[in-house]
Each structure stands twice: as structure tokens, then as C-alpha cells.
Amino acid sequence: MSTKIMATLGPTLCEVKHIVKLASENVDMYRVHMGLRQRDFCSYFMNVRLAQEKIGKKLEVILDLPSSRMRVGDMKEIKYQIGDKVRIEDRISSYDNKCIPLPHLSQFIPSLNKGERITFRDGQVVFEIKNINSGYILCECIQAETTIKKMSASLFPDSRIVYDSLEDEDIFYLKIMCKLGLIPEWIAVSFVEQDYQIEEVRNICSEVWGNNNIKLMAKIESKNGIKNLDNIMKWVEGIM
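Calculation rules
Residues numbered from 1 in each chain as written. Predicted model: local features only at pLDDT ≥ 70, side-chain atom pairs only at ≥ 80, totals over all residues. Heavy atoms only, no water. Helix = DSSP H or I, 4+ residues; strand = E, 2+ residues; numbered from the N terminus. Buried < 20%, exposed > 50% of the residue type's maximum accessible area, 1.4 Å probe, protein only. Lys, Arg positive; Asp, Glu negative; His and termini not counted. Charge placed at Lys NZ, Arg CZ, Asp CG, Glu CD. Core = buried A, V, L, I, M, F, W, Y, C linked by side-chain atoms within 4.5 Å. Contact = heavy atoms within 4.5 Å. Axes fitted to C-alpha atoms, helices over the stretch in contact; angles between N-to-C directions. Parallel < 35°, antiparallel > 145°, perpendicular 65-115°, else oblique. Left-handed = near helix turned anticlockwise from the far one by under 90°. Nonpolar A, V, L, I, M, F, W, Y, C, P; charged D, E, K, R; others polar. Pairing = 2+ DSSP bridges. Phe/Tyr/Trp six-rings, centres within 6.5 Å; stacked < 30°, edge-to-face > 60°. Salt bridge = Lys/Arg side-chain N within 4 Å of Asp/Glu carboxyl O.

Caption draft 1: Region of interest: the overall build of the protein. Broken down by element type, the protein carries 6 helices and 12 strands. Judged by the C-alpha coordinates and their principal axes, the protein covers about 55 × 40 × 35 Å. Across the 240 residues in the protein, those meeting the buried criterion constitute 49%. Taking the 33 positively charged and 33 negatively charged side chains of the protein as two groups, their mean positions are separated by 3 Å.

Caption draft 2: The arrangement of the nonpolar core in detail. Ranked by internal contacts, the top residues of the largest apolar core, which has 42 residues, are Tyr30, Met34, Leu63, Leu174, Met177, Ile187 and Trp209. Counting only elements with at least two residues in this core, the list comes to helix H1 (16–24), strand E2 (27–33), helix H2 (41–55), strand E3 (60–65), helix H3 (168–179), strand E10 (186–189), helix H4 (195–209) and strand E11 (215–218). Excluding residues within four positions of it along the chain, leucine 174 makes contact with Met34, Leu63, Leu166, Ile204, Val208 and Trp209.

Caption draft 3: Here's a closer look at the environment of isoleucine 92. Looking at where isoleucine 92 falls in the secondary structure, it is placed in the loop between strand E4 (85–89) and strand E5 (99–101). Its relative accessible area of 65% is what places isoleucine 92 among the exposed residues. With 18 residues separating them in the primary sequence, isoleucine 92 and aspartate 74 have C-alpha atoms 6.2 Å apart. Not counting the four nearest positions on each side in its chain, isoleucine 92 is found in contact with Gly73, Asp74, Pro101 and Pro103.

Caption draft 4: Representation of the packing of H1 against H2. Between H1 and H2, the shortest axis-to-axis distance is 9 Å and the interhelical angle comes to 55 degrees. Relative to H2, H1 is oriented oblique. Between H1 and H2 lies a crossing of right-handed hand. Counting all contacts with H1, which are made through Val16, Ile19, Val20 and Ala23, the residues of H2 involved are Asn47, Val48, Leu50, Ala51, Lys54 and Ile55. A per-class count over the contact of H1 with H2 returns 8 nonpolar, 1 polar and 1 charged.

Caption draft 5: Looking closely at the pairing of E10. Both faces of E10 are covered, namely the face carrying Trp186 and Ala188 and the face carrying Ile187 and Val189. Sheet topology places E3 next to E10; 4 bridges connect them, and they run parallel. Paired with isoleucine 62 across the strands is tryptophan 186, a residue of E10.

Caption draft 6: Seen up close, the sheet that holds strand E8 (residues 136–144). The strand order across the open sheet built from 6 strands is E5-E4-E8-E7-E6-E9, with neighbouring strands paired in mixed fashion. The sheet is open, and its two edges are formed by E5 and strand E9 (154–155), each paired on a single side. The pairing of strand E6 (residues 117–120) with strand E7 (residues 125–132) spans 4 bridges and is antiparallel. Paired with phenylalanine 120 across the strands is valine 125, a residue of E7.

Caption draft 7: Focus on the packing of aromatic side chains. Evaluated as defined, the whole model comprises 6 aromatic pairs. Through pairs of rings, three or more aromatic residues link up here, namely Phe41, Phe172 and Tyr173.

Caption draft 8: Molecular detail of the sheet that holds E10. Overall, parallel pairing links the 6 strands, which are arranged E1-E2-E3-E10-E11-E12 in an open sheet. The two strands at the open ends of the sheet, each matched to only one other strand, are strand E1 (5–8) and strand E12 (238–239). As paired strands, E11 and E12 are joined by 2 bridges and run parallel to one another. Its bridge partner being in E12, methionine 217 is matched across the sheet by glycine 238. Across the face of the sheet, H2 comes into contact with E2 and E3 while running at roughly 165 degrees to E3.

Caption draft 9: Spotlight on the pattern of salt bridges. If you walk through the whole model with that rule in mind, you get 15 salt bridges. With a closest N to O distance of 3.9 Å, glutamate 89 and arginine 91 form a salt bridge. The exposure class assigned to glutamate 89 is buried, which follows from its relative accessible area of 19%. Salt bridges sharing partners connect three or more residues here, namely Lys85, Glu128, Lys130 and Glu140.

Put into C-alpha cells, the structure is as follows:
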């Protein structure tokens, strides 16, 4: 067994000199968070390889696929208060303090029920569903530890929502990386609940990179994922 220290690449950790410095302190795995689409994933990845050449030490890259989990559209950054009533609506933008835009919500509404929760910012902001309509849900804030802003990730921890493991935009970026000669050591698959989700990602890896030794990491983030953990473990090289 070996222990690895992992760092997430982002605006404050993306230049070759930064990676070289961390590598000298035994950080040997670098995570590319592909859920934040405004970031330059390919440059981050390329800089890890340039740092690797510079220090002559193997550095591993893990691409973290976000799944089709919904992220907040364009809105002002807002700090809600407990008891506030809001509409969470299928739209790409909003400048109304009473509305949180959540693109693609409509396709998941049939899986929702009154009384279930929707969380943002890794569970720091929580709403309870009070009413459900065709294109929006009416909710009440029951926890408010921070703000909600554009690109905040959402989660429905009580609902039977199954997310797609890959989106077309993910595949687009993977193909660009391949053209640049970039092959990750790991790919993390978010919200894994069934083995077919792993098979889908493995097939795409083969389609993009051909024969490869890319390892898959299943991220278990739901009750169904925990329920099916024993079977999922048979299909992946790692569990998160």
C-alpha cells in the first residue's frame, strides 16, 4: 500500500512553477475538476506534464467528471436566510432575488417530491421543497451557512435522481486532451450508482484513447451508491 497526496488544480494552482514546488513537497497526484466549465482544463493538464518533465518525477493526473448534476445559472450572489421562500426554476439566468436559475431542472422534476431537500455549496445551503410545478419548484430555506452564486452545484439527497456519468461537453474536452497527447492516469466518475455507468465511461476512454491503462475511480455520493457498493467495486480500480 502507498499513500499519495492530491491537490486540486485551479486559479491559484495551475502554473508549472506552482506544480514543481508542490511536487518537491511530495504532492504526486493532481485533480482536474471538470465541473467548472470556465476553467482551462487542458492547460492545467499540460502544465502537470511540463512540471513532470522539469523535475524528472512521475506525477499522476485524475480527471474528475462532474456528471449531469445541475449547476446554478447566471445570478447575483445571494445570502439567503432561514425561512426565505424561493423559486428554483429551469432557466439559465435570473436577476430576481426570489428565483434561483437551475438549467435542465424540468427533466428531473418528475423524480421530486414535497418535503425533499435540495442542497447547494456542498450542503452549506439547504432548501425544502414545498410545491412542485412543471418548470419550477417552490422551496423554503432551512439552512444558510453561505451564499449561492453562479455555478454552485446542486444536490437532491432525498430524491431518486440518476445522473448521466458523461455529457457531450466532457467528451469534447477528453478528445482535445487526446489530440494534445495527454492521457490521465485516473478518471473519477461522479454519482456512481450502477455498474453500467462505469462501463459507459470505460467505453468512452477506449473510443478516445484506444488501448490505455486509465484507471477509474467511482465516487459514491448517494444512498443507492452505498447500497450497490459491493457490485460497483468489482468494476473500478478505486472508490471515493
